[in-house]
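# Results of the structural survey
This is what each chain is made of:
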Amino acid sequence: FRGPLFDMLKLKHQRIIGPPIVLSCADSNKPLPDSSRPLYCTLLQGLILCFTGFKEKDTIAKLVNMVHSMGASIRKEMTARVTHLIANTVQGEKYRAAVNFGATIVSEQWIHEFWNRKIERNLTLDDPKLMGHRLLLFHGCHIAFYGFSDPERLQMEENTKTQGGRPTTITDVNCTHIVVENGNAEIPENTSIKAKIVKQEWFWESIQLNACADELLYLIRRSNVTPLGSNSMNTPGSGLRSRKRRRGKIDLSELLTRGDSHNSLLSNVLDISVSMLEASGNNSGQATPSGMLSPRPPLLHHSASVSCCNTPLGIRDKRHTARKQVVTELLQTETNYVGILNTIISLFKLPLEQDQRGGPMLTPGEIKTIFSSIPEILDVHRIILESLQQNLNDWNEECLVGEIFTKNAEALLKAYPPFVNFFELTKETLEQCDKKYPRFHAFLKLCQNKPECGRQSLVELLIRPVQRLPSTILLLQDIMKHTPANNPDSTKLEAAIGSLKNVMTHINEDKRRTEGRMQMFEIVRDIEGCPPYLLSSHRYLVMRFDMVALADVFCNKGDALTIFLFSDSIEISKRRVGTKVTRTPSSASNYGLPIGKSPLKTLSNNKLMYKHVEFMPLSYVKRVVDVMDTEECIGMFAFIFRSPTDVKEKLAIFRLINNEDMSKDEILRKFTRCLADNACSADSENFVTTADSQEIMISKKDLHLDSFSSNLLRAARKTTKKVGRAFQLVKLLREIRTDEPQGKIPSS
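Fair warning: this is a prediction, and the values are worked out from it, not measured in the lab.

### A look at helix H2 (residues 19-28)
For H2, the full list of buried residues reads Pro20, Ile21 and Cys25. Considered in projection along H2, the buried side chains sweep an arc of 125° and stay on one side of the axis. In this structure, H2 carries Ala26 and Asp27 as exposed residues pointing more than 90 degrees from its buried face. Asn29 lies just past H2 and shows a positive phi near 60°.

Structure (structure tokens):
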């Protein structure tokens, strides 16, 4: 679509079409399109484009011709019908309108990419190379950061480079934006004149939106203080009025701190003062003590201020009884807690679930993992809060506070365990998503700086449900101290405290069982050849301990073994030789690891650390033998077992090693306790007996077996077998030669 012939045909308004259109019409059996403009292909057919940020007319004319030749339409103004904005800047009204309308913003390379591939008939808008030509949100911006710590500044500079911007200093003449950590900070006077000074929210909002946010919403105006000798443009008396306004606000803030008795009056005064300030002030913002002008912060409603920040409990009113004072304190803490849960839902969860520019920040599974059962917990505590508020509104000393919690105990029991049990997984997922997704990191930063959050992070807010039940029990106990024994609420409070403790006990037990099940999956995954029937809904891990075999029962003498003791069985696995065992607590209840993290490590050559040897139900084990410790015999034990296929009982002897976290007595006590529970016996002492090393015929040579000597012993056995086979072969050859007739020549 160039050259003298093309120009001549175009000048004579001839119909000009390209080969892709001819082929497409031939395939679909359609007539050739009647276009007044030269049409090479229809890759952009149906798209409406608009241009912004281009200063050279030749560049615009060239891009327009390409676009028209591929079937697109062009509009001069940015309207809702425009599908794509071809931009060379992230400033201007057209760019803002495109962001508001949700139009796709691309660079001119997007058009060149289409033109270079105009012969491809199946090229679509979601092609990876085309998607790579979207205009980066900090394109052409030179951004400086002021007031941040070094780690945070380096992170923000890295994000700036990733998004097409260039980090710089505040004194650079080419600086376009100065991002300030604190909106009230004083900016040095030697900053770039043309740079826009913005709050850090502008930076994080841009990353979250995946588009450059409007600076006017976050702009910090420069100081009115000018160097000496310069002409002042201020109106006479303006400084005096500013000082009066500031002084009036300071006096008002002092009044607000005098006590709670004037709260109703002061709230009216505050409303009148605010309305007067808004009427007399202009749009330039309000003065700050540092002489800076910053945007007027939004007024906090009472519900918003209570919703997240911990409301000071204050001094208890002496006019009320001690019982009512503590109930009021319980109501205040419950109000704060419900506000925190509301903030988590409204400020974090709901926005993440809604459609957002640039696509979702998290997957539905990640959102479910992070927020878990927070909505269910909120529903229960809303009911509790309403009941407490109703009690205080109709207060008398015989109000049944404890009954509120006993009625909701079952709902608390259903709502809390799923969250508390998987809180470590919630925190781990949140940290991973924060590092993995820049837009989600920006979203968290924005939310943290909002007044509703009180500058608390999402992790700090999510830990509140874990802490709520213990603090509620303490407050109920305090109420009970100030409740007479003949008060009807006394028994109700006692029952409420018991029900909440029961909820906490159930949570702990459920958490232990959940961790045990997760450990079962990890064990099956980390043992080579582990039988699949080891997994069972009723089976859980009790402990694991390491040892060395002293008898050729399950394996050779000196082999390094690990026993996994379950509630109804034991798994005996061989530990790979030549590896270090990473020590972890043996007890399942004290595993000390988040759910989903395996304490077992694999080898450097990708082999699993453990290899299955024997799986045995505890019903096969008849008795545990505690071998008495001597100077030469330490950490020895054995157990007697008999399977249905065995003719007589067998004795397996071991020596404990690398079990510093648990003593031998504790290991044997748990072992025998499991045997007794499995046999439905209350006396575990019937399943243990004591013996010395001579009674079970352990030689001194066996006492010093370890993994190294096991290697030597195994190598010696292999060598003995090889030498034995060699001697047998020589003997066989001699016998063959002896049997042959003398002087007979073998036939060929």
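Now that the structure has been shown, the text picks up again.
### Let's talk about the pattern of salt bridges
In this structure the tally under the stated criterion is 27 salt bridges. Glu397 is paired through a salt bridge with Arg323; the nearest N and O atoms lie 3.8 Å apart. You can see Glu397 sitting in the loop between helix H14 (374-393) and helix H15 (402-407) and its partner Arg323 sitting in helix H12 (residues 322-353), a full 74 residues away along the chain. Relative accessible area serves as the criterion here: at 32%, Glu397 is assigned to the partly exposed category. Residue classification places Arg323 among the buried residues on the basis of a relative accessible area of 1%.

### Focus: the sheet that holds strand E1 (residues 48-52)
Read from one edge of the open sheet, 4 strands run E2-E1-E3-E4, paired in parallel fashion. Since the sheet does not close on itself, it has two edges, and those belong to strand E2 (73-74) and strand E4 (104-106), each with one partner. Where E1 lies against E2, 2 bridges are found, and the strand directions are parallel. Directly across from Ile48, in E2, lies its bridge partner Ser73. Sheet strands in contact with helix H5 (residues 108-116) are E1, strand E3 (84-87) and E4, and its direction is about 110° off that of E3.

### Quick look at the packing of helix H8 (residues 200-209) against helix H18 (residues 438-448)
In a packed pair of helices, the relevant descriptors are the angle between the two axes and the axis-to-axis distance. With their axes 8 Å apart at the nearest point, H8 and H18 run at an angle of 140° to one another. Our classification of the angle between H8 and H18 gives oblique. For the pair H8 and H18, the crossing hand works out as left-handed. Between H8, through Glu201, Trp204, Glu205, Ile207 and Gln208, and H18, the contact on the second element is made entirely by Pro438, Arg439, His441, Ala442, Phe443, Lys445 and Leu446. In terms of residue class, the contact of H8 with H18 is built from 6 nonpolar, 2 polar and 4 charged.

Thresholds, definitions, all that
Residues numbered from 1 in each chain as written. Predicted model: local features only at pLDDT ≥ 70, side-chain atom pairs only at ≥ 80, totals over all residues. Heavy atoms only, no water. Buried < 20%, exposed > 50% of the residue type's maximum accessible area, 1.4 Å probe, protein only. Helix = DSSP H or I, 4+ residues; strand = E, 2+ residues; numbered from the N terminus. Arc of directions from axis to C-beta. Salt bridge = Lys/Arg side-chain N within 4 Å of Asp/Glu carboxyl O. Pairing = 2+ DSSP bridges. Contact = heavy atoms within 4.5 Å. Axes fitted to C-alpha atoms, helices over the stretch in contact; angles between N-to-C directions. Parallel < 35°, antiparallel > 145°, perpendicular 65-115°, else oblique. Left-handed = near helix turned anticlockwise from the far one by under 90°. Nonpolar A, V, L, I, M, F, W, Y, C, P; charged D, E, K, R; others polar.

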